[in-house]
Amino acid sequence: MSIQIFRDAWGIPHLRAGDARELAFAQGRAAATDRAWQIEVERHRAAGTSAAFLGGDSVGWDRFARQARIEDTARRCFRALDADTAAWVESYVDGVEAGLADGARRAPEFAATGLAPGRWRPWTPLAIWLSHHILFAGFPAKLWREEVATRLGTHAIEVFATDGPGTSGSNGWLVGGDRTTTGAALVAGDPHRFIEDPGIYQQIHLACPEYDVVGLAVPGVPGIAHFGHAGSVAWAITNSMADYQDLYRERLRRRGAEVEALGPDGWRPASAHVEIIEVAGGEPVEVEVIETERGPVVIGAPAGRAGSGAAAGRDGSGDGDPGGRPDADPSGEAAWEAISLRCPPRVRADLGFRALPALLRAKTVADVDRALDLWAEPVNVVLAADTDGGLLHRVAGAVPLRHPDNGVRVVRAWEPGHEWRGWQDPMPRADVDGLAVMANHRDLAEPLGVEFAPPYRADRIRHLLDVPTAWTAKDMAAVHTDTHLASAGPLLDLLAALDGLGPEAVRLRDRLLRWDRRMDAGSADAASYAALRSAVVRRLAAHPALAALAGPTGTAGAVRDSEDSRESGGSGESGAPIPYPEIFLPWIALVPRVAYALENLLTTTALPALDQTGPSRADMVRAAVEEVASHGRTSVPWGETHRLAPWQALPGETPEEWPALSGDHDCVLSTSSVPGVTDLSARGPAARYVWDLARRDDSLWVVPFGASGVPGDAHRRDQLPLWLRGDLVPVITDWTLLTEERHDH
């Protein structure tokens, strides 16, 4: 093989090979060398086998991965690939296998857990991709809407209309050449996800005779899917917030050894088998995997069938009692209710991996556009620009056509009208007139979704960019790190109208009304505002008007008619509650939901009980400001409590002291905490990038930690100080400025 491996001063791999398949092999081997522990954890998570070495805390995720059939779906998607794409993916897998043993020897986590590197299959990269993104569309939000509609009425759904539990915070923007110093476009942004250590994005440079691309790859997955610069064209994405996964309430019964599900045409066979989750330090857990004609059952199984597990993992996952309550079917057979998941990759056997080689070969925005016609999962908003002045702003992915109710709540599997009827085509797109912004807000993707991020980040980015300034790549750091919190307005307005406050509360109120609304780590005013907000959130969550949502959590009531029975005078249809596994509880926990819907809850007229029963909203804010003022900690800076809290598959025995952060969930610098629960931030910029179309080597990028995932490596966390300051690392593609590594091939 004619493979060359280079490194820059930050340890970033720059790979050169004789053809595309050799390059895929080199990329796989580099991932195994630099990120062996990370990609093996992800392989096991995708297969639902991580508890075997991580222990009981991982059982909940493993159960979901198996019940959702992540690995089986990936296998189907791989088998449906065209021969060239399949061979390209297999070359990557061969590279991983070639480098995994050496990578594992460098990673002490293998010895600490007793894990030996395992076998990668051709579909493993697809399984890792699906595992990363199966919750990306936020289908558990439908469980919350079901709770709200059942307990408060359908009119209350809009009050809580923000996707949770962490709300999306990705930003992206395109500045046309008429607004830059060079006359060429800039594409910039920052994907905000759960921060993982090692990071989910790997900076990489891939070059062969067909293409030469720098970008952010996902370790364990070939190519550069989301953020790339090919020299003559660059692209970037954010989560579109489209709704493309459905939940169906199923009625199931056993007929001897078989399972049947009630559909619109009556009882139909469902597949069912039992799997065993091995648990390090614990007893094996039995899981029944059931799939109806709608999709895999992910919530609810016969009592005693699915075993037990343990506490929350990275995604708030853990294990609850997944058993539904058996009931008496008219046929005399034991019956129960459950919830199934229908998602496009399972239905179409397609994740969109055919787009990945096509993106690498792209030379113009037209090429990017054609490549993204092949994209499927997840559904993204895309920006792209090329050196000829071409600009692109579109949505890419697979969104089914179906009844609007499917997008809002859990629908009945046995009722007709909830079937999928084809696919959204064409996908939305828009012309770019000098400036385009994507920030998960209602805009291009609005026809495809139900809930979107508030407009604050998008409005702020546009405000910062829409000035008579000629922009450079270096200027973009000021946008990346902007900490203005426009969403503070409703709470501060209520605060300004208060009377009857004590002296300390008056002083605090006056300080906050003078505050510049910037959530800077060193700001005591920002910390005082956050403390006030949390105190208000806790009081709202305890308000009698919301008491019905406070508990018992984790039990879905019966799916009702689309017109709420309380409002129509009907009785609805009562069914057995279905306990939710713990992996879904963050989406239906009341305090986080109140926190992210705070602006609506402080201003809505849709819940008159907020002022008619219990304390009024003004009374709650008054009590909260008195509480915060009385604590005497109003001089503590925001960064004292607002600290990075990354997910680690194997945390150290001694907890790390993670650094202070600026920002907040509605800032452009979207470092999300959960007001009322914790100021720690588990979400934030998983990378930052600026793609310069005038000269690629004037582009910039940074990740939260570093290029290496190996503890003790010089490049393990060497980018963390820059990431914290908002600085970026130069993109270097000049091979003469790189250092070649020597390996036996």
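The structure displayed is predicted, hence computed values, not measured ones.

Draft legend 1. Quick peek at the side chain of Ser340. Relative to the helices and strands, Ser340 is located in strand β16 (residues 334-342). Within the structure, Ser340 has its side chain in polar contact with the side chain of Glu250 (distance 2.7 Å).

Draft legend 2. The pattern of salt bridges, seen in detail. The tally for this structure, following the rule as stated, stands at 55 salt bridges. Note that Lys142 and Asp243 form a salt bridge whose closest N and O atoms lie 3.1 Å from each other. Placement of the pair is Lys142 in helix α8 (residues 141-151) and Asp243 in the loop between β9 (233-239) and β10 (246-255), with a sequence separation of 101 residues. Here the two residues Lys142 and Asp243 agree in accessibility, since each one is buried. Beyond isolated ion pairs, a larger network of salt bridges with shared partners links Arg69, Asp72, Arg75, Arg76, Glu291 and Arg346.

Draft legend 3. Structural view of the nonpolar core. Judged by nonpolar contacts, the single largest core of 213 residues is most densely connected at Phe64 and Phe160. When residues of this core are assigned to their parent elements, the largest contribution, 13 residues, is made by helix α1 (residues 20-47). Ignoring any residue separated from it by four or fewer positions in sequence, one finds Phe160 in contact with Trp144, Val148, Leu152, Glu451, Leu546, Leu549, Arg593, Val594, Ala597 and Leu601. In this structure, Ala261, Ala270, Ile290 and Ala338 belong to the second largest nonpolar core, which totals eight residues.

Draft legend 4. Spatial organisation of unusual backbone geometry. Looking along the chain, the bond that leaves Asp197 and enters Pro198 is cis, with omega of 5 degrees. Inspection of the secondary structure assignment puts Pro198 in the loop between β5 (192-194) and β6 (202-208). A cis amide bond links Glu377 to the next residue, Pro378, at an omega of -5 degrees. Mapped onto the elements, Pro378 comes out in the loop between α11 (365-372) and β17 (380-386). In the Ramachandran plot, Met241 falls in the positive-phi region, its phi being about 65 degrees despite a non-glycine side chain. Assignment of secondary structure puts Met241 in the loop between β9 and β10. Exposure remark for Met241: the relative accessible area of 6% places this residue in the buried category. The phi dihedral of Asn440 falls on the positive side, at around 65 degrees, and the residue is not glycine. You can see Asn440 is positioned in the loop between β20 (435-438) and α13 (456-465). Overall, the relative accessible area of 3% leaves Asn440 in the buried class.

Thresholds, definitions, all that
- Counting restarts for each chain, with residues numbered from 1 along the sequence as it is written.
- Since the coordinates come from a predicted model, pLDDT governs what is reported: local features require at least 70, and pairs of side-chain atoms require 80 or more to be given and counted, while whole-chain, interface and lining totals use all residues.
- To get the side-chain values, take all heavy atoms of the structure and skip hydrogens and water.
- In DSSP terms, a helix is any run of H or I states spanning at least four residues, a strand is any run of E spanning at least two, and both are numbered starting from the N terminus.
- Distance and chemistry together define a polar contact, namely a pair of N or O atoms within 3.5 Å, with one atom able to donate a hydrogen and the other to accept it when in protein, and with adjacent residues in sequence counting only for side-chain atoms on both sides.
- By convention in these notes, a salt bridge is any Lys or Arg side-chain nitrogen within 4 Å of a carboxyl oxygen on Asp or Glu.
- The classification of residues rests on relative accessible area computed with a 1.4 Å probe and restricted to protein chains. Under 20% of the type maximum is buried, over 50% is exposed, and intermediate values are partly exposed.
- Nonpolar core, defined: a set of buried Ala, Val, Leu, Ile, Met, Phe, Trp, Tyr and Cys residues in which side-chain atoms within 4.5 Å join the residues together.
- By the convention used here, residues are in contact when the closest approach between their heavy atoms is within 4.5 Å.

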